[in-house]
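# Reading the structure
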Amino acid sequence: MVAPSPPPDTYNVLWLQAASCGGCTMAALAADDTGLLRSMARFGIRLLWHPSLSEESGAEALAVLEDCATGKLRLDCLCVEGSVLLGPNGSGRFQMLSGSGAPMKDWIARLAPKARHVVAVGSCAAFGGMPAAGHNPTDARGLQYSGWDPGGALGKAFRAGSGLPVVNIAGCAPHPGWMIETLAALALGDVSAEHLDALGRPRAYADHLAHHGCGRNEFYEFKASAARPSDRGCLMENLGCRATQAPGDCNIRRWNGYGSCTDGGYACINCTSPAFETPSGPFQETAKVAGIPVGLPVDMPKAWFVALAALSKSATPQRVRTNAHADHVIVPPARKPLKSP
Ligand code: SF4
Ligand code: SF4
């Protein structure tokens, strides 16, 4: 059955999963405290079809896609989760859309020009992500980027009906707030080119760094570094944390209200950036040259960093130094003795 055309004040979203682990959808399901579908409904967003969340399957699902492609059903937003597989040999046959006889890449190429907005959900759809790692045997691409290079599956010049390029909600997986907030802003007509950064990421979150608000910031300031994931110290010097370079506000608005990668003892792997999937060494080790981390804070000259690090280390309070190497507070902050009344 084909869904009837909705009233014009709804914002019709079609969500496809290309080469995806499904993690972006899993993250989206935890949006707010109301869940994804209720959050969407609050902003007038109507989910035309989603491969995991919709009842329609088989011919019914294909009819929805076909109606969007022919213009019978208004398509406000095409969301694609997962990278687009162009292989083998440009045929796209590594991922066929089941029952349609056509590769996913062809469906995306048909549907994208019909949409007012095209959204890449997650770093795979944005830049290629995990499926593009290594020698990329499936020729996995993002919608508009292949790693750092413009020119993904839709090409560099692609613009959706609104005139915007692909909106890249980068992250592996993206924070649920980034997804809902971006879709809501698009539905409300609140997104123009200046709201996106140079890689098409919404600046609402990409203008921050994942380092901002990290609970380990006091250890960072004194370069009191963790040696093991269970340590409370900063993860940058030894354990590979790239949050000082990673766009994202994940430590300001924590995941599901209370957690983040670094809260959990996992270094930030800069999952919001192209090519994060192919670091120069192991994810949880800091690459160094002459003892200095290769990945320094984005806007700090190397000489300053080295000088400040040396100064900070020489001034590290014993409390901070001790707690950095423990999994709980060993030395509490000194407190002035209470005066007797
Ligand atoms: S662990 Fe990472 S995010 Fe936290 S303070 Fe250190 S560098 Fe910043
Ligand atoms: S902390 Fe880093 S790895 Fe974790 S979600 Fe944020 S940007 Fe991605």
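With an unreviewed UniProt entry as reference, the protein is termed hydrogenase (acceptor), source organism Paramagnetospirillum magneticum. Database annotation for the protein, UniProt heading Sequence similarities (unreviewed entry): "Belongs to the [NiFe]/[NiFeSe] hydrogenase small subunit family." The Subunit (unreviewed entry) field of the UniProt record for the protein holds the comment "Heterodimer of a large and a small subunit."

One open sheet holds the 5 strands; their spatial order is β2-β1-β3-β7-β11, and the pairing between them is parallel. Looking at which strands have only one partner, the edges of the open sheet turn out to be β2 (45–49) and β11 (167–169). The sheet shows a mean angle of 25° between the axes of neighbouring strands, taken without regard to direction. Where strand β1 (residues 11–17) and β2 come together, 4 bridges link them in parallel fashion.

Our next topic: the domain arrangement of the protein. On domain assignment, one finds that the protein holds domain 1 (11–207) and domain 2 (209–327). For domain 1 versus domain 2, the separation of C-alpha centres amounts to 31 Å. Summing both partners gives a buried area of about 1700 Å² for domain 1 against domain 2, and 65% of it is carried by carbon and sulfur. Our count for the contact surface shared by domain 1 and domain 2 stands at 1 salt bridge. If you list the elements that add at least two residues to the side of domain 1 that touches domain 2, you get α5 (123–127), α6 (176–187) and α7 (203–206). A per-element tally of the side of domain 1 that touches domain 2 places α6 first, with 4 residues.

The periodicity of an α-helix, 3.6 residues per turn, causes residues three or four places apart in sequence to face the same way. In a regular helix each residue adds 1.5 Å, so 13 residues correspond to 18 Å; helix α3 (residues 58–70) covers 18 Å between its end C-alpha atoms and thus fits that length. When α3 is considered as a whole, its buried residues turn out to be Ala61, Leu62, Val64, Leu65, Asp67, Cys68 and Ala69. Where the residues of α3 are buried, they touch β1, β2, β5 (96–97) and α4 (104–111).

About the cut-offs
Residues numbered from 1 in each chain as written. Chains lettered and ligands numbered in written order. Predicted model: local features only at pLDDT ≥ 70, side-chain atom pairs only at ≥ 80, totals over all residues. Heavy atoms only, no water. UniProt positions renumbered as here; feature names shortened; annotations may be inferred. Pairing = 2+ DSSP bridges. Helix = DSSP H or I, 4+ residues; strand = E, 2+ residues; numbered from the N terminus. Axes fitted to C-alpha atoms, helices over the stretch in contact; angles between N-to-C directions. Domains from an automatic or database assignment. Buried area = accessible area lost by both parts, 1.4 Å probe. Salt bridge = Lys/Arg side-chain N within 4 Å of Asp/Glu carboxyl O. Expected span 1.5 Å × (residues − 1). Buried < 20%, exposed > 50% of the residue type's maximum accessible area, 1.4 Å probe, protein only. Contact = heavy atoms within 4.5 Å.

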